[in-house]
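Survey of secondary and tertiary structure
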Amino acid sequence: MSSPALSILPRQPAPRGESFPLQPLLHLDSLWIQVAGTSCNLRCTHCFVSAGPGEDRHALMARAEVQRHVAQGLALGVKEFYFTGGEPFVHPEMLDILADTLPHGPCTLLTNGTLFTERRLEELRRLGGGARFSLEIRVSLDGPGPEEHDTFRGRGAFARTLEGLLALEHHGLLPIVTATQGPGDDALELRERYVRMLREAGLRRPRLKLLPLFRLGREAARTRGYQAVETLADLPPESIDPARLQCSSCRAVTSRGVFVCPLLVDEPAARMGRTLGESLGAFRLAHGACFTCYVTGMTCGNA
Amino acid sequence: MVRLAAFGGVYSNHLALAAVLEDIERRGADRVWCLGDLGGFGPHPDRAAEILRGAGISMLRGNYDDSIGNDRADCACGYTDPRDNGFAQISYDYTVARTSSDHKAWMRGLPERHRIEAEGRRLLLCHGSPRRVNEFLWESACSDAFLEWLCDRHEADVILCTHTGIPWHRALPSGRHVVNVGAIGRPANDGRTGVWYAGLELDGGLEVEFRPVAYDHEALALEMEAERLPAEFAETIRTGWWTTCLENLPVRERRRGRH
Ligand code: SF4
Ligand code: SF4
Ligand SMILES: [Fe+2]
C-alpha cells in the first residue's frame with residue numbers, strides 16, 4: 001500500500017546507522033483498532049494523530065473489517081480491545097461495533113467526550129451493564145480548568161467534556177479521565193488537582209490516568225519534535241526490559257495496515273504488515289517516542 | 001477425589017488467617033496452599049508468618065514476599081496511580097521494617113509457581129499470572145481467548161492465582177479453568193467485613209466453592225490504629241469497601257464497590 005500523505009508529517013531524523021534495541025512481541029494483549037481513522041469533530045492543536053474534520057489519512061474502518069481484525073486477534077489470544085480515532089463517535093456504526101466485540105472481550109473506547117447523545121448514553125449503559133467484560137470509556141482533558149483545555153481544543157470544549165463526563169457517570173459508566181503529565185509535573189499533586197476539580201464539577205467517583213507528553217503529530221509541529229539526544233540508540237540490551245514497553249504486548253490496526261503501537265500510526269517504518277498475522281515480528285525502537293516510553297515506563301492501556 | 005484449599009493475599013491479617021485455617025481444618029482438605037503475599041496492609045507482619053509456618057502450610061512467593069525477602073525498595077504490586085503507590089509504600093515501609101530476618105530468608109526461598117497433577121488434571125498454582133508475578137487477572141478484563149492462551153502456553157488445565165483481591169472462577173470453552181482464589185487480608189470490596197478463600201474438589205469434574213469467613217475484624221482495625229497505619233485501611237476492614245489501591249480496578253469491578 002502506498003502512503004503519500006504520510007510524508008507531509010513531521011518525521012524524526014533518519015537513523016544514522018546506530019543500533020537500536022530490537023523489541024519482540026511477547027504476546028498480543030491489547031489490540032488497538034483505529035475505527036474512526038483520523039476523523040474527528042475537533043481539530044486540537046496538540047493532537048498526536050493530527051486528526052480533524054475531513055482528515056482522511058486513515059479512513060473510517062468498515063464494521064466487517066473490524067470484525068475481521070477482532071477475530072484474528074482472538075485467534076491469537078488477545079486479552080482486550082481499544083477503539084480510537086480520531087473520535088470513535090464520528091463512526092456511524094460505533095455502537096454496533098461495540099455490540100459485536102464486547103461479548104468476546106473487554107473494550108475501551110477513547111473519546112473526546114463531546115458527542116454523547118441521550119440515545120448513545122442509554123445504549124452504552126445497556127451494553128456495559130449487560131456484558132461479562134468491562135466497557136471502559138476514556139475521556140481526555142488537557143488541564144484541570146478550561147484555560148488550557150480550550151486553548152488546545154477550541155472554546156467551550158472543556159464545559160462540553162465535563163458535561164459528557166457527568167452524563168457518563170450518571171449512566172453508570174464511570175469514565176476514566178486521561179490527562180497529560182509534563183516532565184516537570186509531580187504525579188500525585190497533578191492527580192489531586194484533577195480529582196478535586198472533577199469532584200467540584202459534580203463527579204462522585206473520578207478515575208484518572210496520567211499519560212506523558214508525546215512529541216508526535218500536531219504536538220511536534222506546535223512545540224517541537226524529538227531531538228537527536230532523545231533516542232535509544234546504542235542502549236545496552238540489558239538495560240531494557242522488553243515487558244515494560246507496551247509494544248511487547250500490543251499492535252494497532254488502521255485502514256492502512258497494522259502498526260507496532262497506537263502512537264506510531266503515522267510512521268511508515270512502524271507499519272508491520274497488512275494483517276495481524278504479518279505483524280508479529282520484532283520492531284527496532286528507533287523513534288523518539290520510544291525514548292518517552294522508555295523513560296516513563298508508561299502504557300497507553302488503562303492500567 | 002482430591003480436595004484442595006487455596007487462599008492468597010494474607011496482607012498481615014493474622015486474625016483472618018487463623019480463622020481461615022480453622023475453617024479449612026473443620027471442612028477438611030488434602031492439600032492447602034497459600035498463593036503468596038503474606039505481608040502488607042495489616043499490622044505486626046511476623047504474627048501471620050508465625051501462624052502460617054507453624055501450621056506447615058505451603059506457600060508461593062508473591063511479589064510482596066519477593067520484595068520483603070530481598071529487602072527491595074517497594075512491594076512491586078504494579079500499581080500505576082500515584083495515590084495508590086503512596087499508600088502501598090506506607091504499608092511496605094512498615095512491613096519491611098518489622099519482618100524478622102528469619103522470615104525474610106524463608107520468603108526468599110519460596111517457589112514462584114507450583115504444579116499439581118490430580119485426577120488427570122494439570123493444576124498450575126501461581127501468584128499474579130503464570131507469566132508474571134504481579135500481573136492483575138481481573139475477571140472482567142480477561143477475554144476467554146486470553147485465558148485459553150495462558151492455559152496452552154503454560155500447559156495447565158486449571159490455573160490458580162490471586163494478587164487482585166477479588167475471587168472469581170471461569171470455566172473456559174475448552175473445559176479448562178481459571179480460578180482467582182481472592183485474598184484473605186482485606187475484604188473483597190463487596191461491603192462485607194468477612195473474607196473469601198477457595199475450596200476445590202476434583203474428581204471427574206472440578207467444583208470450585210468460594211467460602212466466606214468471618215473473623216474479629218474490629219480487633220484487627222484497632223490493632224491497625226494502634227500501629228498508626230492509615231485510617232483509610234482501618235475503614236476498609238470495618239466496612240468491606242476498598243478505599244485505597246483501587247484505581248486499577250476495571251469498571252465492572254469498580255462499579256460494584258463504593259469508592
Ligand atoms: S486530540 Fe482527540 S479530540 Fe483532539 S483532534 Fe485529536 S483525536 Fe480529536
Ligand atoms: S513508541 Fe513506545 S510503544 Fe511505540 S514502538 Fe516505541 S517504545 Fe514501543
Ligand atoms: Fe500480589
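Thresholds, definitions, all that
Residues numbered from 1 in each chain as written. Chains lettered and ligands numbered in written order. Predicted model: local features only at pLDDT ≥ 70, side-chain atom pairs only at ≥ 80, totals over all residues. Heavy atoms only, no water. Buried < 20%, exposed > 50% of the residue type's maximum accessible area, 1.4 Å probe, protein only. Helix = DSSP H or I, 4+ residues; strand = E, 2+ residues; numbered from the N terminus. Pairing = 2+ DSSP bridges. UniProt positions renumbered as here; feature names shortened; annotations may be inferred. Near = heavy atom within 4 Å. 1 Å grid on protein atoms, 1.4 Å probe; cavity = no way out; pocket = protein on both sides within 12 Å on 5 of 7 lines; lining within 4 Å. Sits in = over half its atoms within 2 Å of the grid points. Nonpolar A, V, L, I, M, F, W, Y, C, P; charged D, E, K, R; others polar. Salt bridge = Lys/Arg side-chain N within 4 Å of Asp/Glu carboxyl O. Arc of directions from axis to C-beta. Contact = heavy atoms within 4.5 Å. Axes fitted to C-alpha atoms, helices over the stretch in contact; angles between N-to-C directions. Parallel < 35°, antiparallel > 145°, perpendicular 65-115°, else oblique.

Residue and element names in this part refer to chain B. For strand β1 (residues 2-7), a buried count of 5 out of 6 residues is recorded, marking the element as mostly surrounded by other parts of the structure. Where β1 meets strand β9 (residues 195-202), 5 bridges bridge the pair, whose relative direction is antiparallel. Looking at the pairing, Arg3 lines up with Glu201 of β9. Pairing between β1 and strand β2 (residues 31-34): 4 bridges, direction parallel. Across the sheet, the residue bridging to Ala5 is Val32, located in β2.

Here the focus is the UniProt feature "domain: Calcineurin-like phosphoesterase" (unreviewed entry) in chain B. In the UniProt entry, the feature "domain: Calcineurin-like phosphoesterase" (unreviewed entry) is given for residues 13-193 of chain B. Secondary structure across residues 13-193 of chain B comprises 36% helix and 15% strand; the distance between its end C-alpha atoms is 13 Å.

This part takes up the site of ligand 2. Taken together, Gln246(A), Cys247(A), Val260(A), Cys261(A), Leu263(A), Leu264(A), Phe283(A), Leu285(A), Ala289(A), Cys290(A) and Cys293(A) make up all the residues around ligand 2. Broken down by element, the residue count for the shell around ligand 2 peaks at 3 residues, all from helix α8 (residues 288-296) of chain A.

On to the site of ligand 1. Residue and element names in this part refer to chain A. Taken together, Cys40, Leu42, Arg43, Cys44, Cys47, Ala51, Gly86, Asn112 and Arg153 form the complete shell of residues around ligand 1. When atom positions are compared with the pocket grids, ligand 1 is found to occupy the largest cavity. Looking at the shell around ligand 1 residue by residue, the classes come out as 5 nonpolar, 2 polar and 2 charged.

Let us look at the pattern of salt bridges. This model, assessed by the stated rule, comprises 38 salt bridges over all chains. In this structure, the salt-bridge partner of Glu55(A) is Arg218(A), at a minimum N-O distance of 3.9 Å. Of this pair, Glu55(A) sits in the loop between β2 (30-33) and α1 (63-75) while Arg218(A) sits in helix α7 (residues 217-222), and the two are 163 residues apart along the sequence. Taking the relative accessible area as the measure of exposure, Glu55(A) reaches 22% and is therefore partly exposed. Measuring nitrogen to oxygen at the nearest pair gives 2.8 Å for the salt bridge that ties Arg176(B) to Glu148(B). On the criterion of sequence distance, the pair formed by Arg176(B) in the loop between β7 (168-171) and β8 (177-180) and Glu148(B) in helix α6 (residues 144-153) is long-range, its members being 28 residues apart. Across the pair, exposure class does not vary: Arg176(B) and Glu148(B) are buried alike.

Residue and element names in this part refer to chain B. Within helix α7 (residues 217-226), the full set of buried residues consists of Leu220, Ala221, Glu223 and Met224. Down the axis of α7, the buried set is contained in an arc of 160 degrees. They therefore lie on one face. Next to the buried residues of α7 lie α1 (14-27), α2 (45-54) and α8 (231-239). At the exit of α7 stands Arg228, carrying a positive phi of roughly 60 degrees.

Residues and elements named next belong to chain B. Residues Trp168 and Arg170 of β7 are buried on one face, while the alternating residues His169 and Ala171, pointing to the opposite face, are not. Where β7 meets β8, 4 bridges bridge the pair, whose relative direction is antiparallel. When the bridges of β8 are listed, Arg170 appears paired with Val178. Hairpin connection from β7 to β8: 5 residues lie between these consecutive antiparallel strands, with Gly175 at a positive phi of about 95 degrees.

With that settled, consider unusual backbone geometry. Residues other than glycine predominantly adopt negative phi, and peptide bonds predominantly adopt the trans conformation. Residue and element names in this part refer to chain A. Cis geometry is adopted by the peptide bond preceding Gly86, which originates at Gly85 and carries an omega value of 20 degrees. With respect to the element layout, Gly86 can be found in the loop between β3 (80-83) and α2 (94-101). Non-glycine residue Ser50 carries a positive phi angle of around 50 degrees. With respect to the helices, strands and loops of the structure, Ser50 is situated in the loop between β2 and α1. On the basis of relative accessible area, Ser50 is assigned to the buried category, the value being 7%. Phi is positive for Asp234, close to 60 degrees, though the residue is something other than glycine.

All names here are of chain A. Viewed as axis vectors pointing N to C, helix α4 (residues 146-153) and helix α5 (residues 157-170) meet at an angle of 105 degrees, and their least axial separation amounts to 8 Å. One element, α4, and the other, α5, form an angle in the roughly perpendicular class. Residues Pro146, His149, Asp150 and Arg153 of α4 lie in contact with α5, whose contacting residues are Ala157, Phe158 and Thr161. The class makeup of the residues in the contact of α4 with α5 is 3 nonpolar, 2 polar and 2 charged.

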